[in-house]
Amino acid sequence: MSDYAKLVAGLTGEDILNKWSEVTPLKQISGVPKSAGSSTDNSIINETIFEGHNEEQIKLMDELCIVLDYEDKPIGAGTKKLCHIMTNIDEGLLHRAFSVFLFNEDGKLLLQQRADEKITFPQMWTNTCCSHPLCVPDELGITAEGGSSNQNDLSTAIAGAKVAAQRKLEHELGIPYGDAPLADFQYLTRIHYKSPSGGDDSKWGEHEIDYILILKTKNDITINANYNEVKDYKYVGQDELKQMFEDDSLVFTPWFKLICQTFLFNWWGNLDDLHSFKDDKVHRLL
Ligand SMILES: C=C(C)CCOP(=O)(O)OP(=O)(O)O
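Conventions used here
Residues numbered from 1 in each chain as written. Predicted model: local features only at pLDDT ≥ 70, side-chain atom pairs only at ≥ 80, totals over all residues. Heavy atoms only, no water. Helix = DSSP H or I, 4+ residues; strand = E, 2+ residues; numbered from the N terminus. Rg over C-alpha atoms; globule rule 2.2 N^0.38 Å. Buried < 20%, exposed > 50% of the residue type's maximum accessible area, 1.4 Å probe, protein only. Contact = heavy atoms within 4.5 Å. Areas by Shrake-Rupley, 256 points an atom, 1.4 Å probe, with all protein chains shown as cover. Lys, Arg positive; Asp, Glu negative; His and termini not counted. Charge placed at Lys NZ, Arg CZ, Asp CG, Glu CD. Pairing = 2+ DSSP bridges. Axes fitted to C-alpha atoms, helices over the stretch in contact; angles between N-to-C directions. Parallel < 35°, antiparallel > 145°, perpendicular 65-115°, else oblique. Left-handed = near helix turned anticlockwise from the far one by under 90°. Nonpolar A, V, L, I, M, F, W, Y, C, P; charged D, E, K, R; others polar.

It is worth spelling out the overall build of the protein at this point. Secondary structure summary: the protein contains 9 helices and 11 strands in total. Against the compact-globule benchmark of 19 Å for 286 residues, the protein has a radius of gyration of 18 Å, which places it among compact chains. Projected onto the principal axes, the alpha-carbon positions of the protein cover approximately 50 × 45 × 40 Å. Put simply, the protein has 286 residues, and 53% of those count as buried. In the protein, the share of contacts with a sequence separation of at least 24, taken over all contacts with a separation of at least 6, comes to 70%. Here the protein has roughly 12700 Å² of accessible surface; of this, 44% comes from carbon and sulfur atoms. Seen as two clouds, the 27 positive and the 45 negative side-chain charges of the protein have centres 3 Å apart.

Attention shifts here to the pairing of strand β9 (residues 205-216). Along β9, 11 of the 12 residues are buried, which leaves the element largely enclosed by surrounding structure. Inspection of the sheet shows strand β4 (residues 95-103) paired to β9 by 9 bridges, in the parallel sense. Across the sheet, residue A97 finds its bridge partner in β9, namely D210. Bridge count for strand β8 (residues 185-196) against β9 is 10 bridges, and the pairing is antiparallel. Bridge pairing links I191 to D210 in β9.

Turning next to the packing of helix α8 (residues 238-246) against helix α9 (residues 254-268). Axis angle and axis distance: for two packed helices, these are the angle between their axes and the distance between the axes, and together they describe the pair. At their nearest, the axes of α8 and α9 sit 12 Å apart, and the two run at 160° to each other. The angle between α8 and α9 falls in the class roughly antiparallel. Remark: the crossing between α8 and α9 carries left-handed chirality. Across from Q238, L241, K242 and F245 in α8, the residues of α9 making contact are F256, K257, C260, L264, F265 and W268. For the contact of α8 with α9, a count of residues per class yields 7 nonpolar, 1 polar and 2 charged.

Given below as structure tokens:
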């Protein structure tokens, strides 16, 4: 077990709430806000930590992520900013995320290259779409189809991750909800990992429990990329992706590399039989 894994293994939800007073405990959020989009308060734009970054991306740092304990239980709402500051991550702050792998009818995987404007992991190639379920009832899963009133239940969290995935496919790639129906997302597993953001910017990073969602679509779905999020995108076959990994000029996100090294090619070879890969585990890749 790494030193970090040891550190976080000892942290309880209560420890986390005591350590980060900026995290609003879930039980104190009466009714949980219906929406938690970007803030109307523009003061975040001028914070020195964001110097040189894109205004639209800075505002998104005010979104409320779901802060977790180490059993993947939601314990509170913390801003995207708070959850992605590396010093917080190094002390154990953890949140919920999802990763979509979209395959077309030819079995090709849709990749995206993150925009230059992204504050974390800019310009890197990665899977179709990643983001965070927000701390709102639909994305916690408690009002979503397939969810229940018990926010600690795995099926509830999966239902919430699917709602968030549909929202972000539309936001980042302009994929209409009708081309990505909730019922078509297949949940496979969860991955717990931590990584600093690449490049010169060591202030930021990721530490999350990532819900893996597979989406099989028709070949002719609409894509209308939001260039504040996505610099480029392309469908690739397995060999083409392996060739991309050989190209030193291309950089990949750490979570995508980890998933490629562990699971992706097994899933990809069995797209018609994915249920055999489904589990209720959290794979700790720390
Ligand atoms: C790494 C994962 C799984 C979530 C982070 O995704 P992003 O960094 O792309 O999140 P957004 O800025 O798009 O919300």
